[in-house]
Amino acid sequence: MFPPFPTQKAQKICLLVLEKIKSGEIGVEQVTEESEERAESGFMIGAMVCADDAGNERVFVTNSGISRTLVIPPNLKIEGLNVEIAPPIVSAKKISLALKKNDTEIHDLTKKIQENRPSPAEKNAIAQKRKKLCAESLSRVHALYSFHCADGAVRSLLDICALTNGGRLPPTGTGDCCAPKLLDYAFANSLTPVSMAESFFPTGEFHEPCDERCGILLPVMLGLKILYRDDDICVVDKQSGLLSVPGRGEAKRDSVETRLRRLFPACISQPAVHRLDMETSGILVLAFTKDAHRALNQQFERGEIQKEYVALLDGVLAKKGIASHGTMELFFRLDVENRPHQIWDAEHGKHAITEWEILGVERYRAPSGSVRAVTRVRFVPHTGRTHQLRTASADAHGFCTPIIGDTLYGHCDEGERLCLHARKIAFTHPRTGERMEFVCEAGF
């Protein structure tokens, strides 16, 4: 994962904590029974600098896992600030109690396989029973985990996995890394993160939050999946169903812009450089400063920003005689009696140029369980018209084949999403002049 917050301040604290551990000023207490293979293993140290409502900074640290804990002397100061401990999400004692119910039986089954030399059929039966008991124990542990999020909500691990992990159970140890502990502590205490970093003890090497575990948790805890961030810009993967910018009224206040400004209060009031439809997912670029916003807007106006989308169209385009690739030029305008619907108008419509490439035909399983053939298409828009790709797909002057899940120009089953994703964007960094390219694959 890309570090969601600046790292410099927190990195300095991490290094100072590592020095104090080595000197003995900060202790490391073994909380659980230590296994032989882990006796000499290192662990991660995490540090975070936060600001309270008055702008005062606070510092807290933590370590990865639940088997060890840092022991901070009273009134220890680093960089002139008192150091606090961010506690584990779930204590080792609670986890031990959750595992205890099946521990003896799992141990006995393992012993049977190792010592009794059962037949292949018996061994398989024992292994299946042990697997079931292990899964039950892991489920009890997962049920203990809940996380404070940036929007003030507290979400369970299982609810988070339903959003970001396809409902699958996460890897063991999810929630025990430094990043979720630090963020949970910050949000539980209504603090705004300023800097966050993690380093490995004893070497001091710095690491980003892990994809395997933190990649499941952090996008939900933060409210945004951050692909890149620096002092000028932020690139996010917008989820389907979230507005790019706030609409009118409190019901439509939640948006990428709103969430970004909650995480980064110093951001300009309208940071979005461009927009994606609420139903469309994918890459969205935002600016932290007015200068960056202005420079990126000028690139859009000059046609210097390249974008690419992927979509699933509800049918087989080849059967309609549509070529495998090409460019279409269409004309659409707003249907004033049916906003925000766009309609064909060769005389008054805006010119929309779209390049396409058919990537293949595949089987699509709807939420209802039905299966049908659909076409995966790569779109490269050369203009930026409202609903340009949705109308190019659905209108009779285009492919006459709507995108799956299109509530305006096609059909959307219950539980279905618009299968349109902004996969790629390339632009010039507004301050450094470096050409940047980001790719984020679709979840469909």
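Values in this document were obtained by computation on a predicted structure and should not be read as measured data.

About the cut-offs
- Residues numbered from 1 in each chain as written.
- Predicted model: local features only at pLDDT ≥ 70, side-chain atom pairs only at ≥ 80, totals over all residues.
- Heavy atoms only, no water.
- Helix = DSSP H or I, 4+ residues; strand = E, 2+ residues; numbered from the N terminus.
- Contact = heavy atoms within 4.5 Å.
- Areas by Shrake-Rupley, 256 points an atom, 1.4 Å probe, with all protein chains shown as cover.
- Lys, Arg positive; Asp, Glu negative; His and termini not counted.
- Charge placed at Lys NZ, Arg CZ, Asp CG, Glu CD.
- Expected span 1.5 Å × (residues − 1).
- Buried < 20%, exposed > 50% of the residue type's maximum accessible area, 1.4 Å probe, protein only.
- Arc of directions from axis to C-beta.
- Phe/Tyr/Trp six-rings, centres within 6.5 Å; stacked < 30°, edge-to-face > 60°.

Q: Could you give an account of the overall build of the chain, naming the residues involved and the relevant values?
A: On a plain count of helices and strands, the chain comes out with nine helices and 20 strands. Considering only C-alpha atoms, the chain reaches an extent of 80 × 65 × 40 Å along its principal axes. Within the chain, counting contacts between residues at least 6 apart in sequence, those at least 24 apart form 66% of the total. For the chain, the exposed surface amounts to about 22,800 Å²; the carbon and sulfur share of it is 48%. Averaging the coordinates of the 56 positive side-chain charges in the chain and doing the same for the 58 negative ones gives two points 3 Å apart.

Q: Tell me what's going on with helix H8 (residues 290–301), and back it up with residues and numbers.
A: Its 12 residues place the ends of H8 16 Å apart at the C-alpha level, agreeing with the 16 Å of an ideal helix rising 1.5 Å per residue. Within H8, the full set of buried residues consists of Ala292, His293, Ala295, Leu296 and Gln299. Down the axis of H8, the sector holding all buried residues measures 165°, keeping them to one side. Those residues of H8 that are exposed and angled more than 90 degrees off the buried face are Lys290, Asp291 and Glu301. For H8, the secondary structure elements touched by its buried residues are strand E12 (233–238), strand E13 (281–287), strand E19 (420–428) and strand E20 (435–439). Positioned one or two residues after H8, Gly303 has a phi angle of 70°, which is positive.

Q: Residues and numbers for the environment of Ala373, please.
A: Positionally, Ala373 belongs in strand E18 (residues 371–381). With a relative accessible area of 25%, Ala373 lands in the partly exposed category. The spatial distance from the C-alpha of Ala373 to the C-alpha of Val316 is 6.6 Å, given a sequence separation of 57 residues. Among all residues touching Ala373, those that are not within four sequence positions of it are Gly315, Val316, Val361, Glu362 and Arg363.

Q: Kindly report on the packing of aromatic side chains, identifying the contributing residues and their values.
A: What the rule picks out here adds up to 12 aromatic pairs. Taken together, a centroid distance of 5.1 Å and an interplanar angle of 50° make the contact between Phe2 and Tyr228 tilted. Residue Phe2 is located in the segment before helix H1 (8–23), and its partner Tyr228 is located in strand E11 (residues 225–229); the two are separated by 226 residues in the primary sequence. For Phe2, a relative accessible area of 25% translates into the label partly exposed. Judged by its relative accessible area of 17%, Tyr228 is buried. Ring plane angle 85° and centroid distance 5.8 Å describe the contact between Phe332 and Trp344, whose orientation is recorded as edge-to-face. Of this pair, Phe332 sits in strand E15 (residues 325–334) while Trp344 sits in strand E16 (residues 342–344), and the two are 12 residues apart along the sequence. According to the relative accessible area criterion, Phe332 is buried, its value standing at 6%. By way of ring pairs, the aromatic residues Phe2, Tyr228, Phe427 and Phe438 are connected into one cluster.

Q: An account of H1 is needed here, citing residue identities and associated values.
A: The terminal C-alpha atoms of H1, which comprises 16 residues, lie 23 Å apart, in line with the 22 Å expected from a rise of 1.5 Å per residue. Among the residues of H1, those classed as buried are Ala10, Ile13, Cys14, Val17, Leu18, Lys20 and Ile21. Mapping the buried residues of H1 onto a view down its axis gives an arc of 165°, with all of them on the same face. Exposed positions of H1 whose direction lies more than 90 degrees from the buried face are Gln8, Glu19, Lys22 and Ser23. Among the residues trailing H1, Gly24 stands out with phi positive, at a value near 90°.

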